[in-house]
Amino acid sequence: MSQPENPYQAPTSTIAVDRPAPVRRTGPRPRALWVLLGCYAITYVLEVVALTSMGPDGGQQITGPLGMGAYSLMIGICLWRGVNWVRMWVVLSTVLTLLVLWMLANRGMVGEQPVLVMACLLRISVAVMLFLPSVHRWFSPRGT
């Protein structure tokens, strides 16, 4: 005779679950995203102009803009593809931009660095544009 089944025993079967495939974004990119990417590119140009106008002569002149260019290109590609974590990264880097702008204002250097101030303000506007409804929908995960 077999033993009676224990109602308190945990089930012994296993369940295999496959990871869901990433959902590709479909449809056109929102126009606000194109404006955001254009502003981000202009921000890079303004930052390079500000860096080269106040930076020392020598090797720093080329490595700074090249490093900033690689960083901006990576962030721009991630924004274009709709990678969600890059939004938070841009917001965190914008906090640093706010600190730079605050430092310039405290030291009375806003009039001396108009290009850097414009770059800071444009970067802040890029961070604000990331939370527009159409752009937010582009970054939100889509169901299958």
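Everything numeric here is computed off the predicted structure, so don't read it as measured data.

*Asks:* Now, about the overall build of the protein: what can you tell me, with residues and values included?
*Replies:* Along the backbone of the protein there are five helices and zero strands. Listing every helix and strand of the protein by position from the N terminus yields α-α-α-α-α. Contacts spanning at least 24 positions in sequence make up 73% of the contacts within the protein whose residues lie at least 6 apart. Total accessible area on the protein is roughly 10,300 Å²; 67% of this is exposed by carbon and sulfur atoms.

*Asks:* Account for the nonpolar core, with residues named and values stated.
*Replies:* Within the largest apolar cluster, 20 residues are counted, with the highest numbers of intra-cluster contacts made by Leu33, Leu36, Leu79, Val126, Leu130 and Phe139. Looking at this core, the element that brings in the most residues is helix H1 (residues 31–54), giving seven residues. By size, the runner-up hydrophobic cluster in this structure holds seven residues, among which are Ala50, Leu101, Leu116 and Val117.

*Asks:* Quick one: what's the story with the packing of aromatic side chains, residue by residue and with numbers?
*Replies:* Under the counting rule described, the total for this entry stands at zero aromatic pairs. One residue, Arg29, lies across the ring of Trp80, its end atom 3.8 Å from the ring centre.

*Asks:* Go over the side chain of Thr94, please, and point to the residues and values.
*Replies:* Considering the arrangement of structural elements, one finds Thr94 in helix H3 (residues 85–106). Excluding its chain neighbours within four sequence positions, the residues that come into contact with Thr94 are Arg123, Ile124 and Ala127.

*Asks:* Account for a nonpolar patch on the surface, naming residues and giving values.
*Replies:* A surface patch of nonpolar side chains, about 570 Å² in accessible area, is lined by Val95, Leu96, Leu99, Val100, Trp102 and Met103. Within the secondary structure, Trp102 sits in helix H3.

*Asks:* Give a description of helix H4 (residues 114–129) that names residues and reports values.
*Replies:* Its 16 residues place the ends of H4 22 Å apart at the C-alpha level, agreeing with the 22 Å of an ideal helix rising 1.5 Å per residue. Listed in full, the buried residues belonging to H4 are Leu116, Val117, Ala119, Cys120, Leu122, Arg123, Ile124, Val126, Ala127 and Met129.

*Asks:* Just give me the short version of the side chain of Thr97, but keep the residues and values in it.
*Replies:* With respect to the helices, strands and loops of the structure, Thr97 is situated in helix H3. Owing to a relative accessible area of 9%, Thr97 belongs among the buried residues under this scheme. When sequence neighbours within four positions are dropped, the list of residues in contact with Thr97 reads Cys120, Arg123 and Ile124.

What counts as what
- The numbering scheme is per chain: residues are counted from 1 as the chain's sequence reads.
- In keeping with the predicted nature of the model, local features appear solely for residues at pLDDT of at least 70, side-chain atom pairs appear and are counted solely at 80 or more, and the whole-chain, interface and lining totals rest on all residues.
- Remark: hydrogens and water are excluded; side-chain values derive from all non-hydrogen atoms of the structure.
- Think of it this way: any DSSP run of H or I at least four residues long counts as a helix, any run of E at least two long counts as a strand, and we number them from the N terminus.
- The contact criterion used is simple: two residues touch if any of their non-hydrogen atoms lie within 4.5 Å.
- Only the protein chains shown count as cover for residues, with accessible areas throughout obtained via the Shrake-Rupley method and a probe of 1.4 Å.
- Buried residues of nine kinds, namely Ala, Val, Leu, Ile, Met, Phe, Trp, Tyr and Cys, make up a nonpolar core once their side-chain atoms join them within 4.5 Å.
- Each residue is placed in one exposure class: buried if its accessible area under a 1.4 Å probe, protein chains only, is under 20% of its type's maximum, exposed if it is over 50%, and partly exposed if it falls in between.
- Between the rings of Phe, Tyr and Trp (Trp by its six-membered ring), a pair exists once the centres lie within 6.5 Å; its type follows the angle of the planes, with under 30 degrees stacked, over 60 edge-to-face, and the other angles tilted.
- Counting as a charge over the ring demands two things of the Lys NZ or Arg CZ atom: a distance within 6 Å of the ring centre and an angle within 35 degrees of the ring normal.
- By definition, no residue in a patch forms a salt bridge, and every one has over 30% relative accessible area; like charges are joined within 9 Å, nonpolar side chains (Val, Leu, Ile, Met, Phe, Trp, Tyr) within 5 Å.
- In the sections that follow, a salt bridge refers to a side-chain nitrogen of Lys or Arg positioned within 4 Å of a carboxyl oxygen of Asp or Glu.
- Helix span, as expected, comes to 1.5 Å for every residue beyond the first.

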